[in-house]
Amino acid sequence: MEIVEDSMGGDINPKFKAGVGASFPFKPKKYDNHDHSDLNKCSLYRLLPPELQEEVQQNLHLLEYLHILPIDTIGIPRYVSNLESKHGDIPSPNLIYKVNDKIYVHIYPNKNDVRNFYIPIEPILLTGVGSLLKELEIKLVDYLTGIDFDPEDMEEKKRILIESLDDICVIGSKKIIDVSSPIFQKLGVSKYLPKKEGKEDDHIYLKKEQYEALKYSLLRDKVGLGVLDPYINDKHIEDITCNGLGPIFIEHKVFDGLRSVIEFIETDTINQFIIRLAERIGKPITFKDPIVDSTLPDGSRINIVYGNDISKNGSNFTIRKFNEVPFSILQVIESGTMDYQIAAYLWLLLSEGMSGFICGETASGKTTTLNGITCFISPDSKIVTIEDTPELQVPHKNWTREMTRGSTRGSGATGEGSGSDVTMFDLLKAALRQRPNYILVGEIRGVEGNVAFQAMQTGHPVTSTFHAATVEKLIQRLTADPINIPKTYIDNLNFVLIQSAVRRPDGKVVRRVLSVNEIVGYDPDRGGVSFVEAFSWDPVTDNFVFSAWGSSFLLEQKIATRLGIPANKKIAIYNEIDKRARILERLHKEGIKNFYEFFDTTAKITKHGMLKVDF
């Protein structure tokens, strides 16, 4: 994406080169004064709050962006140093938050739609960078000619680009020598002129902030993902969607659905962008093979559809962001998805080797919950995870991570290579020979479900996610093609958690555990599978009800028996739930929320015998 200059006096322009546009929700104001040598002379700078002034001092492109805003109508955006969920409750948000050292985001209110605007503020907005980028691109072609390097090695590519930039660019002004001066004529001009080595001075002279902006842009476009880089770097984004021509849409953890000002406005542009994107992730895409499912370098899941013969609005892509550090169960509780009692209940179930499924529709938070509860598995366990895209994060030291593999293509006449598929089914069978204490499956969809139940039958606890909205729908899918589990085997599954994205009365979409259910077993009289609801969500009060307190099948018939608790003292198992809930609440109050820190703390609690059930 390259900004082009216009009559605004700089190169902050809503029109971008090569069919990518920035459709700002306001008319950018003209800004002519680009001298930032003394910020105190800038009237807008003096109006900024101290926190925003500090950011402007570090990144002048932020000040230039503020200058083009209609401050007189919307006011100065609020700067938020630490974005929190409470900011999502602001009716018409007008705020700026920081993504990293160079990138900011402006959440701009939209009076005409439910989706507010998401505006990336990048160094390329800095005055003069547009024309400098053009000049740099031309010089790089000559400079890099003949340099041999592996284009797949991103670190090497990054190093060479930075070295090239450093050789081409000079921070400062070009020195001009007045050779007509009498003193130079008398002493001899040649000894004071720079050595040219057979060519004219071909450097680009610029300011330090312009150099940093060029460096950012070069690495963003040549090593990163171009216009997508701000979104990929923003930890608050969950999903990025481009439906073809038009704007990029975002699902945000704080502000829900947002519309980006960046949009694709030409078919050729989006096709070329998607081809480069597919090549960047090592999965070339063509009209013959127009669909790609893969992962980005940061682990995010991406789906690409190429061409308008199968997508009427043209090529499109969807990215599901991957959190480098997953949410701990305390952060899941903090979001309101579940409460301390449900978490304590799951803690006891998983620590005692129960098998369960986390069920719900797409984007209901199933994987987030599954990641969170893995901390409850005994810290000395050996865990095997099986996935088609890497989303599960396990804090345990003894962790074997298995990934599926699609067939590879060769260059022969038939187009078939020597590679072969390795499916979830294959990996699950292999996992049974690896003596795991727990098997985690990213998502059960097909015949691997049958092997999962065989694993449960042989004493290997299995936890997985599953697309099903209710327990009844789950059982229907498990007992039908292609999984075909006999109904009499269903009781190998101990618990089913149903989770969903629900809309609150204020219109905000939140994730909630609708129910936690205990599988009792096959009922021959009814010809169906019996289950009881242990926990349920009350939508009126937005609270959770422990409906199985005092009558839990799993706690009394399974876990209490395993722990040797006599029948007349089974109340102790419910006291254990309360005790663990209090431990979780205390850890939360002490600020131990980080995923790995939480696991280390619970591991110490387990080691010191604090979880021993008293009866």
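Everything that follows concerns the structure shown earlier in this document.
How each quantity is defined
- Residues numbered from 1 in each chain as written.
- Predicted model: local features only at pLDDT ≥ 70, side-chain atom pairs only at ≥ 80, totals over all residues.
- Heavy atoms only, no water.
- Helix = DSSP H or I, 4+ residues; strand = E, 2+ residues; numbered from the N terminus.
- Buried < 20%, exposed > 50% of the residue type's maximum accessible area, 1.4 Å probe, protein only.
- Phe/Tyr/Trp six-rings, centres within 6.5 Å; stacked < 30°, edge-to-face > 60°.
- Lys NZ or Arg CZ within 6 Å of the ring centre and 35° of its normal.
- Pairing = 2+ DSSP bridges.

**Description of unusual backbone geometry**
One can expect most non-glycine residues to show negative phi and most peptide bonds to be in trans.
Link 1 in the chain: Cis peptide bonds are those with omega within 30 degrees of zero, and the linkage from D481 to P482 qualifies with 5 degrees.
Link 2 in the chain: One non-glycine residue with positive phi stands out, namely D256, at about 60 degrees.
Link 3 in the chain: Along the polypeptide, D256 turns up in strand 10 (residues 256–264).
Link 4 in the chain: The exposure class assigned to D256 is partly exposed, which follows from its relative accessible area of 23%.
Link 5 in the chain: One non-glycine residue, R435, lies in the positive phi region at around 50 degrees.
Link 6 in the chain: With a relative accessible area of 72%, R435 lands in the exposed category.

**Here's the deal with the packing of aromatic side chains**
Link 1 in the chain: All chains considered together, the criterion is met by 17 aromatic pairs.
Link 2 in the chain: A ring pair is formed by Y345 and F535, whose centres lie 5.1 Å apart and whose planes are at 70 degrees; its orientation type is edge-to-face. Of the two residues, Y345 sits in helix 12 (residues 340–351) while F535 sits in strand 21 (residues 528–538), which places them 190 residues apart along the sequence. Of the two residues, Y345 and F535, both sit in the buried class.
Link 3 in the chain: Each ring, one from Y345 and one from F546, has its centre 6.3 Å from the other, and the planes form 65 degrees; the classification is edge-to-face. Here Y345 is found in helix 12, whereas its partner F546 is found in the loop between strand 22 (543–545) and helix 17 (553–562), with 201 residues between them in sequence.
Link 4 in the chain: Exposure remark for Y345: the relative accessible area of 0% places this residue in the buried category.
Link 5 in the chain: Lying over the aromatic face of W347, R580 brings its terminal NZ or CZ to 5.2 Å of the ring centre.

**Notes on the pairing of strand 15 (residues 383–387)**
Link 1 in the chain: With 5 of 5 residues buried, strand 15 is to be regarded as a mostly interior element.
Link 2 in the chain: Taking every second residue as pointing to the same face, both faces of strand 15 are buried, with I383, T385 and E387 on one and V384 and I386 on the other.
Link 3 in the chain: Two strands pair when backbone bridges link them, and strand 15 and strand 16 (residues 399–403) are joined in this way by 5 bridges, in the parallel orientation. Paired with I386 across the two strands is E402, which belongs to strand 16.
Link 4 in the chain: Pairing of strand 15 with strand 17 (residues 438–441), which is carried by 4 bridges, proceeds in the parallel orientation. Within the sheet, the bridge partner assigned to I386 lies in strand 17 and is V441.

**Observations regarding the pairing of strand 12 (residues 301–305)**
Link 1 in the chain: Among the 5 residues of strand 12, 4 are classified as buried, and the element is accordingly described as predominantly covered.
Link 2 in the chain: Sheet analysis places strand 11 (residues 291–295) next to strand 12, joined by 5 bridges and oriented antiparallel. Bridge pairing links T295 to R301 in strand 12.
Link 3 in the chain: Count of turn residues in the strand 11/strand 12 antiparallel hairpin: 5 residues, of which G299 carries a positive phi of about 100 degrees.
Link 4 in the chain: When strand 12 meets strand 13 (residues 316–320), the two strands line up antiparallel, connected through 5 bridges. Residue pairing for strand 13: I304 is matched across the bridge by F317.

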